[in-house]
Amino acid sequence: MAQSNVFPPSPEFVKRARVQGMEGYRALYRRAAEKPEEFWGELAEKELFFFQKWSHVFEWHPPFAKWFAGGKTNVAYNCLDRHLATHRKNKVAILWEGEPGDQRLISYQELHRLVCRFANVLKARGLKTGDRAIIYMGMVPELPIAMLACARLGITHSVVFGGFSAEALKTRIQDLEAQIVIAADGAWRRGREVRLKDAVDEALPDCPSVRDVVVLERTGGAVHMKDGRDHWWHELDEGVSEHCPAEPLDSEHPLFALYTSGTTGKPKGIVHTTAGYLIHVHMTVQWVFDLREEDTFWCSADIGWVTGHSYIVYGPLSNGATSVMYEGSPDYPQPDRMWRLIEKHRVNILYTSPTAIRAFIRHGDQWPNAHDMSSLRLLGSVGEPINPAAWEWYYKTIGKERCPIVDTWWQTETGGMMIAPMPGAVPLKPGSGTLPMPGVVADVVDLEGQPAPANREGFLIVRRPWPGIARTIWRDPERYRQQYWERIPGVYMTGDAARRDEDGYYWILGRVDDVMNVSGHRLSTMELESALVRHPAVAEAAVVGKPHEITGQAVACFVTLKKGDWNHDELAEDLRKWVAHEIGSFAKPEQIRFTDALPKTRSGKIMRRLLREIVTSNAVTGDVTTLEDLSVVTRLASQHDEE
Ligand code: PRX
């Protein structure tokens, strides 16, 4: 499918859409650009509940932004309480299915009750506004319940993806100085138990800030409970009051810190606050998913990543949607688990990743074709560029050429979608995220900040803060400034390369920094390198992303060894296990090459650019590489490095 193919919205779709036609999109975009404070102020007034109105919609002390300053609100109140006096009271808020096939349908009223109870449990442990909680669970309803209970009280939460190891968990707990860890005994994944509580036990001896651990019983596996520190969720929950008023919190109160990989060995805690984040995710659900009251909405991400925060929990619930949550692996017990779920629950909107789509293509069309998925009306993609073959398959085999595909570009730091089509307005071009959201003043520029001509690649930037922008890095505002705002002074640097075509459509080309994107998960080369050199056999390590047919990129390592008599095959296996221990199994290297020396510049910097070329030219795999245009990214990345 050529990149020039254009898919305008069908007249039937437009007729019922929230934003209709390009005029509809342009009017919103123009008003947000010309009068941002009025635009966002009016939306917040109409769409959200505030205990106290703000004094200023926007305050800007570069690089630190405030939205709705002086206002008081509460995210959990907006996601729950406000629906209870409406027809949504008994509507399903969370439609959950466990991997073994168990099912829970939780109404707004019931979710409110469960959240209030758990908030009271947290209060009884002495937690209060301003404290921090680490949440380390699988995809069970108690995960959003814990998040919303924290939000209700003003406890800043940090969800750690269940695939992270004890070591990764530990560094996050330490950085956040969390008082409590909310965990589960385990989680189901491909029929096996992921033993989460064991990892908590391994992490905690080095985490003096943690007073309490609350453990949800999910798998029933044997766990060790430490006296005085560890408590079962169901025991603490006994006899607890169902009444717990939501705290009126400052608009800029930190809702969560989510750790993501940067260009150093240390992950950064991206901080999102309350009112601005909420209006951003709330509106993008309406604009991009074109959400209707009767929709069943499924974002198949894990809540451990930002996509799950914004588009399973906060965005859908603040809109009163029915949000589907599935615990396990999409191919378990068979490769049609996802299609089975769509058929069974009559899902209308599916939001997933190109990696998942490529894996489904490999399983074969017989799996989706065996299911009636005619309930679907809209498809979404996120996390990495979608290659033409995956787009076409998603469009034809899953959407039956009826469902628009919204390809949404955004980042942990942006809070919500930034470049994405409004499906009843913007014609689609496969592989392009299309046009920016209202309030997003994006551009493609050179290193001097000068706009690139049409179709010329450059750095993707945003010129002005938008409501959902990350406010800082947890306890490291200086790193926030340097990382995002200093390279080109006064503009937000995304770290991605892009080009804009003659219609103003954005095409994302990939990262220009030392960050990889494996299965839509961000991994830092430096973080992996520091993990590798902690291994006793390793002298030096260089890590680069290698194109991969399914996961987009895979981890490739070049390693030099300390003196010794090493068996390379055994050592490679040992290093893979080591990375799983230090970071998590999802970060395991696909390729490890032992070498005598690493290519370096005269100043001693490892020339990752060369290594990237080596792993790339060795394994050219069709679609993925053509879309990513690696030579461009490599060139831009070296400019970026040398500046
Ligand atoms: O390189 C871009 C890629 O994923 C990065 C952000 O990763 P993360 O913070 O983990 O958030 C992922 C989910 C929002 C971006 O810098 N990326 C994300 N979405 C797309 C994408 N690349 C191309 N097209 C997308 N739709």
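Residues numbered from 1 in each chain as written. Predicted model: local features only at pLDDT ≥ 70, side-chain atom pairs only at ≥ 80, totals over all residues. Heavy atoms only, no water.

(A) Highlighting the pairing of strand 17 (residues 296-299). Along strand 17, one buried face is formed by Thr 296 and Trp 298 and the opposite face, lined by Phe 297 and Cys 299, is buried too. Where strand 17 meets strand 18 (residues 322-326), 3 bridges bridge the pair, whose relative direction is parallel. From the neighbouring strand, Phe 297 faces strand 18, where its bridge partner is Ser 323. Following the chain from strand 17 across helix 11 (residues 306-318) to the adjacent parallel strand 18, one finds a crossover that is right-handed. Pairing between strand 17 and strand 19 (residues 349-352): 3 bridges, direction parallel. What sits directly across from Cys 299, in strand 19, is Tyr 351. (Buried < 20%, exposed > 50% of the residue type's maximum accessible area, 1.4 Å probe, protein only. Helix = DSSP H or I, 4+ residues; strand = E, 2+ residues; numbered from the N terminus. Pairing = 2+ DSSP bridges. Right-handed = clockwise from strand over helix to strand, strands pointing away.)

(B) Representation of the pattern of salt bridges. Considering all chains together, one arrives at 52 salt bridges under this definition. We note a salt bridge from Asp 496 to Arg 511, for which the minimum N-O separation is 3.6 Å. Taken together, the residues Asp 496 in strand 25 (residues 492-500) and Arg 511 in strand 26 (residues 506-511) connect sequence positions 15 residues apart. Look at Asp 496 and you get buried, because its relative accessible area is 7%. Note on Arg 511: relative accessible area 17%, which makes it buried. The closest approach of N and O atoms between Glu 529 and Arg 608, which form a salt bridge, is 2.8 Å. Residue Glu 529 is found in helix 17 (residues 525-533), and its partner Arg 608 is found in helix 19 (residues 608-618); the two are separated by 79 residues along the sequence. (Salt bridge = Lys/Arg side-chain N within 4 Å of Asp/Glu carboxyl O.)

(C) Expanded view of the side chain of Asp 295. Looking at the element boundaries, Asp 295 is found in the loop between helix 10 (275-289) and strand 17. Given the relative accessible area of 3%, Asp 295 is considered buried. Polar contacts involving the side chain of Asp 295 include one to the side chain of Arg 377, which spans 2.7 Å. Contact partners of Asp 295, with chain neighbours within four places excluded, come to Asp 290, Thr 322, Asn 348, Ile 349 and Arg 377. (Polar contact = N/O pair within 3.5 Å; in protein donor to acceptor, adjacent residues only side chain to side chain. Contact = heavy atoms within 4.5 Å.)

(D) Seen up close, the domain arrangement of the protein. Looking at the assigned domains, one finds that the protein contains domain 1 (108-269) and domain 2 (519-642). Averaged C-alpha coordinates put domain 1 and domain 2 at centres separated by 33 Å. At the interface, 16 residues of domain 1 touch 13 residues of domain 2. On the surface where domain 1 and domain 2 come into contact, there are 7 residue pairs in polar contact (both at pLDDT 80 or more). (Domains from an automatic or database assignment.)

(E) How the structure looks around the environment of Ile 182. Along the polypeptide, Ile 182 turns up in strand 9 (residues 180-184). Sequence separation of Ile 182 and Thr 156 is 26 residues, and the distance between their C-alpha atoms is 13 Å. Filtering out sequence-adjacent residues up to four positions away, Ile 182 remains in contact with Phe 118, Leu 122, Ala 133, Ile 134, Ile 135, Tyr 136, Met 137, Ala 146, Cys 150, Val 214 and Trp 233.

(F) Representation of the site of the ligand. As a structural note, the neighbourhood of the ligand is formed by 16 residues, with Asp 407, Thr 408, Thr 412, Arg 511 and Arg 522 the closest of them. Thr 408 has a polar backbone atom sitting 2.8 Å from a nitrogen atom of the ligand. Side-chain polar atom of Gln 411 to an oxygen atom of the ligand: 2.9 Å apart, as the coordinates give it. Here the ligand, which alone exposes 540 Å², has 95% of that area covered by the protein. Contributions of two or more residues to the shell around the ligand are made by strand 21 (405-408) and strand 26. Considered class by class, the residues forming the shell around the ligand number 5 nonpolar, 6 polar and 5 charged. (Near = heavy atom within 4 Å. Areas by Shrake-Rupley, 256 points an atom, 1.4 Å probe, with all protein chains shown as cover. Nonpolar A, V, L, I, M, F, W, Y, C, P; charged D, E, K, R; others polar.)

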